[in-house]
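Take a look at the letters that make up each chain.
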Amino acid sequence: MNEHISMRVNSARLSGIKGRTVRLPCKVLRLSDDIAIVEASDGGQVEIQRKNVDVTATYVEVIGSVVDASTIKAMATLPLDSEEELDMQLVNDVIELTFESRFDKLFPRYQETETSMPTH
């Protein structure tokens, strides 16, 4: 099941999960050809490699794989815009709650070490 997890993260949570699929709620700051610079819910800036991925809103959730502690290679984006500004502090509070052990059953996390099945 671990391979199907895509955790919501902020910029501080990117380190140590290279190669994992994540969801990054963020505010788009700048767009160029294949790159977007976004502000994550904790205020940190993240570079989004977005080749063939449209970014059409001010607030988006980027679904992609972590390249390094400050870069995500996007697979898709979901618009989060509404008529009012998104409360990014509230978004960040929710993200941080999902990392608390008391919510492990509700929000599965990546395993630090994968246990392999024995081969026969």
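Above this text sits the structure in question.
Residues numbered from 1 in each chain as written. Predicted model: local features only at pLDDT ≥ 70, side-chain atom pairs only at ≥ 80, totals over all residues. Heavy atoms only, no water.

Q: Describe the packing of aromatic side chains, naming the residues involved and giving the relevant values.
A: Pairs of aromatic rings are described using the distance from one ring centre to the other and the angle between the two planes. The final tally for this structure, using the stated rule, is zero aromatic pairs. Above the ring of F99, the side-chain terminus of R13 is found at 3.9 Å from the ring centroid. (Phe/Tyr/Trp six-rings, centres within 6.5 Å; stacked < 30°, edge-to-face > 60°. Lys NZ or Arg CZ within 6 Å of the ring centre and 35° of its normal.)

Q: I'd love a proper account of the nonpolar core, names of residues and values included.
A: Counting residues in hydrophobic clusters, the biggest one holds 27 residues, and the most contacted among them are V9, L24, V38, V46, I48, V62 and I72. Residue assignment for this core shows that the elements contributing at least two residues are strand 2 (21-31), strand 3 (35-40), strand 4 (45-49), strand 5 (59-68), strand 6 (71-79) and helix 1 (88-98). Setting aside anything within four residues of it in sequence, one finds V38 in contact with L24, C26, K27, V28, L29, G44, Q45, V46 and I48. (Core = buried A, V, L, I, M, F, W, Y, C linked by side-chain atoms within 4.5 Å. Buried < 20%, exposed > 50% of the residue type's maximum accessible area, 1.4 Å probe, protein only. Helix = DSSP H or I, 4+ residues; strand = E, 2+ residues; numbered from the N terminus. Contact = heavy atoms within 4.5 Å.)

Q: Outline the environment of N52, listing residues and values.
A: Along the chain, the position of N52 falls in the loop between strand 4 and strand 5. A relative accessible area of 75% means that N52 is categorised as exposed. In sequence terms N52 and A76 are 24 residues apart; their C-alpha atoms lie 9.0 Å from each other.

Q: Let's hear about the pairing of strand 3: which residues, and what values?
A: Where strand 2 lies against strand 3, five bridges are found, and the strand directions are antiparallel. Each bridged residue has a counterpart across the sheet, and for R30 the counterpart in strand 3 is I37. Linking strand 2 to strand 3, which pair antiparallel, is a turn of three residues. Bridge analysis of strand 3 against strand 4 gives five bridges, and the strand direction is antiparallel. Each residue of the ladder has a partner; that of V38, found in strand 4, is V46. Two successive antiparallel strands, strand 3 and strand 4, enclose a turn made up of four residues, where G43 displays a positive phi of approximately 95°. (Pairing = 2+ DSSP bridges.)

Q: So what about the environment of L80? Which residues, and what values?
A: Mapping L80 onto the fold places it in the loop between strand 6 and helix 1. Linking L80 and K27, residues 53 residues apart in sequence, is a C-alpha distance of 9.2 Å. The residues touching L80, leaving out its near neighbours within four places in the chain, are P25, Y59, V60, E61 and L86.

Q: A description of the pattern of salt bridges should follow, citing residues and the corresponding values.
A: Taken as a whole and assessed by the stated rule, the structure comprises four salt bridges. Note that E61 and R8 form a salt bridge whose closest N and O atoms lie 2.4 Å from each other. Taken as a pair, E61 in strand 5 and R8 in strand 1 (residues 7-8) lie far apart in primary sequence, 53 residues in all. By relative accessible area, which is 41% here, R8 ends up partly exposed. With a shortest N-O distance of 2.6 Å, R102 and E100 are connected by a salt bridge. For R102, a relative accessible area of 61% gives the class exposed. (Salt bridge = Lys/Arg side-chain N within 4 Å of Asp/Glu carboxyl O.)

Q: Go over helix 1, please, and point to the residues and values.
A: M88, V91, N92, I95 and T98 are the residues of helix 1 that are buried. Here the buried residues of helix 1 occupy an arc of 120° about the axis, which is enough to place them on one side. For helix 1, the secondary structure elements touched by its buried residues are strand 1, strand 2, strand 3 and strand 5. (Arc of directions from axis to C-beta.)

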